[in-house]
Amino acid sequence: QMECLLRATPDDDPDFSTYSSVKLIAGQAPCQQPLELPLVLKPYEHENEQFGYLPPYPLESQPYVDMENRPWFVSGGGLATWQEGRWQWQELSKLVTRCVPDSPGEGVSSTTSKLVFDRDNHMYLAGRVGRQPALLHSTDGGKSFAAYLLPPPAEEAAAGGQETFDIEEFTGHNLLDGPPPVLRYRLTAKDPKHFWRWIHTLELIVADKKDGRLEFHPPVLVSRQCIGLAAHSGTPSSLVSRQGRVHLVWAEATDPAEKAPGVPTYVATYDRHSRQLSKPVLVGYGPPPNDVHNSPSITMDSRGFLHVLCGTHGRPFPYARSVRPNDSSAWTEAKVVGEGLEQTYIGMVCGPDDTLYIAYRLWQRGKPPHPLATHATLAFQRKPADGPWQPPEILVVPPFSEYSVYRNQLTIDRRGRLFLLYDYWSTHWFYRNDHRGHRRALLFTPDSGQTWRLAQAEDLLSAK
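Report follows, based on the coordinates. (Residues numbered from 1 in each chain as written. Predicted model: local features only at pLDDT ≥ 70, side-chain atom pairs only at ≥ 80, totals over all residues. Heavy atoms only, no water.)

**Describing the pattern of salt bridges**
- Tallied over the entire structure, the rule returns 22 salt bridges.
- A salt bridge links aspartate 118 to lysine 209, with the nearest nitrogen and oxygen atoms 2.7 Å apart. On the criterion of sequence distance, the pair formed by aspartate 118 in the loop between strand 10 (116-117) and strand 11 (123-129) and lysine 209 in strand 17 (residues 207-210) is long-range, its members being 91 residues apart.
- Owing to a relative accessible area of 22%, lysine 209 belongs among the partly exposed residues under this scheme. (Salt bridge = Lys/Arg side-chain N within 4 Å of Asp/Glu carboxyl O. Helix = DSSP H or I, 4+ residues; strand = E, 2+ residues; numbered from the N terminus. Buried < 20%, exposed > 50% of the residue type's maximum accessible area, 1.4 Å probe, protein only.)

Below you can see the structure in the form of structure tokens.
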């Protein structure tokens, strides 16, 4: 072990000088070994200093894998993967070679951090061409894209207002036959008397792939009372498909005078062949009511059963399962995944053996290492197939008490291995600004959460 000081003195002001200390430790970096959980972050060290974590792969967004299990990342105006022996970012604006219909808009960016691949290994992402929302489609492994502008809203009254989009992502057993369905959330009102009561119009947009081109169905109005989508943390899955059926989940705002037990959470199914949307089915309530944080999540197991968690803000997640495979018309009674858990921001996937995995923010009160205050942890929980939910496992403990969030995103590859991207965000401004560049870290488990480590490049590149 060696420690040295690096001194810097500006040529134009030699009377001023400062230094920084550097510690060199020989041997294997701690980040290459399984972590002793929970990972307790230390003030002002961050993962790079605490564990020697300086990954070569992108950390701007969570990884998704194609049908050959190769990793891809999308963020803002860029797309990244491993090419020619190195990680490469490419600008989407340079990759889009065609726009349908033609658009005078300049610049191409993504509107979500999700990437999707169908059975033919075609790639899709939600984006914008200029200011116009589009579904981007690549048939050549991300070398080029065609941008298909989304059709206008189903109702003129829905025009205007901030738009948020979501697309179906791979969560373990939903292998797409073609383009992913898209949800459009359009903000129509905010309640000045109830800060988190936001009201959106929700629409479903479905496309078919014919002769290598995309053709959209007419947009389908789903709800005029949708509470919205909270996707900065958890990145919940709102859509899952199988055999021409698109199952979607959403939560709604209610009249505050009704004293609802939470945001009502609904599921409906769109039939690609008949182009009809089923009647919404109430699955459960995610407390508290009228809270835009409470985005639900849906996934599907190998048998086709649907699984839903109702979104909550500091309350236990209610869980329900469909009674029949690939059918949203009837559900088990919604029951919480654990009594007294203060949960928010769902991320959920389903493993090869149909075990459900969730990652989320979990509040702790009066417990070490902050026994005199509250603190928010990053937690992990699983439910074996046909078994009960197991107790939560705390993965990351913050260096400071009080408010924090982890901007967590959980994904699964074709081998059933889990990746969990997180970015500890503290309420303390001085801590958020003491480290240049991004602060994200990627956790990896090759064994269904039995052991975790900070992901190495080979973990992302070991496709087989």
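More follows now that the structure is in view.
**Concerning a nonpolar patch on the surface**
- A surface patch of nonpolar side chains, about 370 Å² in accessible area, is lined by Tyr44, Trp429 and Phe430.
- Position of tryptophan 429 relative to the elements: it lies in helix 3 (residues 429-432).
- You can call tryptophan 429 exposed: its relative accessible area is 57%. (Patch = residues over 30% accessible without salt bridge, like charges linked within 9 Å, V, L, I, M, F, W, Y side chains within 5 Å. Areas by Shrake-Rupley, 256 points an atom, 1.4 Å probe, with all protein chains shown as cover.)

**Notes on the sheet that holds strand 7 (residues 86-91)**
- Sheet architecture is open: four strands sit in the order 4-5-6-7, paired in antiparallel fashion. The open sheet terminates on both sides in strands that have one partner only, identified here as strand 4 (64-65) and strand 7. (Pairing = 2+ DSSP bridges.)

**A short note on the packing of aromatic side chains**
- With the rule as written, the count across this model stands at 20 aromatic pairs.
- Centroid distance tryptophan 72 to phenylalanine 117: 6.4 Å. Interplanar angle 45 degrees. Geometry classified as tilted. Taken together, the positions of tryptophan 72 in strand 5 (residues 71-75) and phenylalanine 117 in strand 10 put the pair 45 residues apart, joining distant regions of the chain. Like phenylalanine 117, tryptophan 72 is buried.
- Between phenylalanine 400 and tyrosine 431, the ring centres sit 5.0 Å apart and the planes meet at 70 degrees, which makes this aromatic pair edge-to-face. (Phe/Tyr/Trp six-rings, centres within 6.5 Å; stacked < 30°, edge-to-face > 60°.)

**Considering the side chain of threonine 269**
- Note that threonine 269 resides in strand 22 (residues 263-271).
- Only 2.7 Å separates the side chain of threonine 269 from the side chain of histidine 247, close enough to count as a polar contact.
- In contact with threonine 269, not counting residues within four places along its chain, are Arg245, Val246, His247, Gln276, Leu277, Ser278 and Ser328. (Polar contact = N/O pair within 3.5 Å; in protein donor to acceptor, adjacent residues only side chain to side chain. Contact = heavy atoms within 4.5 Å.)

**Side note on a negative patch on the surface**
- A surface patch of like charges, here negative, comprises Asp11, Asp12, Asp13 and Asp15.
- Along the chain, aspartate 13 turns up in the loop between strand 1 (2-8) and strand 2 (18-24).
- Residue aspartate 13 is classed as partly exposed on the basis of its relative accessible area, which comes to 36%. (Lys, Arg positive; Asp, Glu negative; His and termini not counted. Charge placed at Lys NZ, Arg CZ, Asp CG, Glu CD.)

**Examining the sheet that holds strand 16 (residues 198-205)**
- One open sheet accounts for four strands, arranged 14-15-16-19; its pairing is antiparallel. A single partner strand is all that each edge strand has here, and the edge strands are strand 14 (163-167) and strand 19 (220-226). Strand-to-strand twist across the sheet, computed as the mean angle between neighbouring axes with direction ignored, equals 20 degrees.
- Pairing of strand 14 with strand 15 (residues 182-190) involves five bridges; the strand directions are antiparallel. In the sheet register, threonine 164 faces strand 15, and the bridge partner there is tyrosine 185. (Axes fitted to C-alpha atoms, helices over the stretch in contact; angles between N-to-C directions.)

**What about the pairing of strand 22?**
- Counting buried positions over the nine residues of strand 22 gives eight, a clear majority of the element.
- Judged from the five bridges that link them, strand 22 and strand 24 (residues 281-286) form a sheet pairing that is antiparallel. If you follow proline 264 over to strand 24, its bridge partner there is tyrosine 285.
- As defined by bridge partners, strand 22 adjoins strand 23 (residues 276-277) across two bridges and the pair is classed as antiparallel. Counterpart to aspartate 271 in the pairing with strand 23 is glutamine 276.
- Hairpin geometry of strand 22 and strand 23 is characterised by an intervening segment of four residues between the two adjacent antiparallel strands and by a positive phi of about 60 degrees at arginine 275.

**Some remarks on unusual backbone geometry**
- For the bond from leucine 37 to proline 38, the omega torsion is 0 degrees, close enough to zero to count as cis.
- For the bond from proline 368 to proline 369, the omega torsion is 5 degrees, close enough to zero to count as cis.
- Within the element layout of this structure, proline 369 appears in the loop between strand 31 (356-365) and strand 32 (374-383).
- Its identity is not glycine, yet asparagine 69 carries a phi of approximately 65 degrees, on the positive side.
- Along the chain, the position of asparagine 69 falls in the loop between strand 4 and strand 5.

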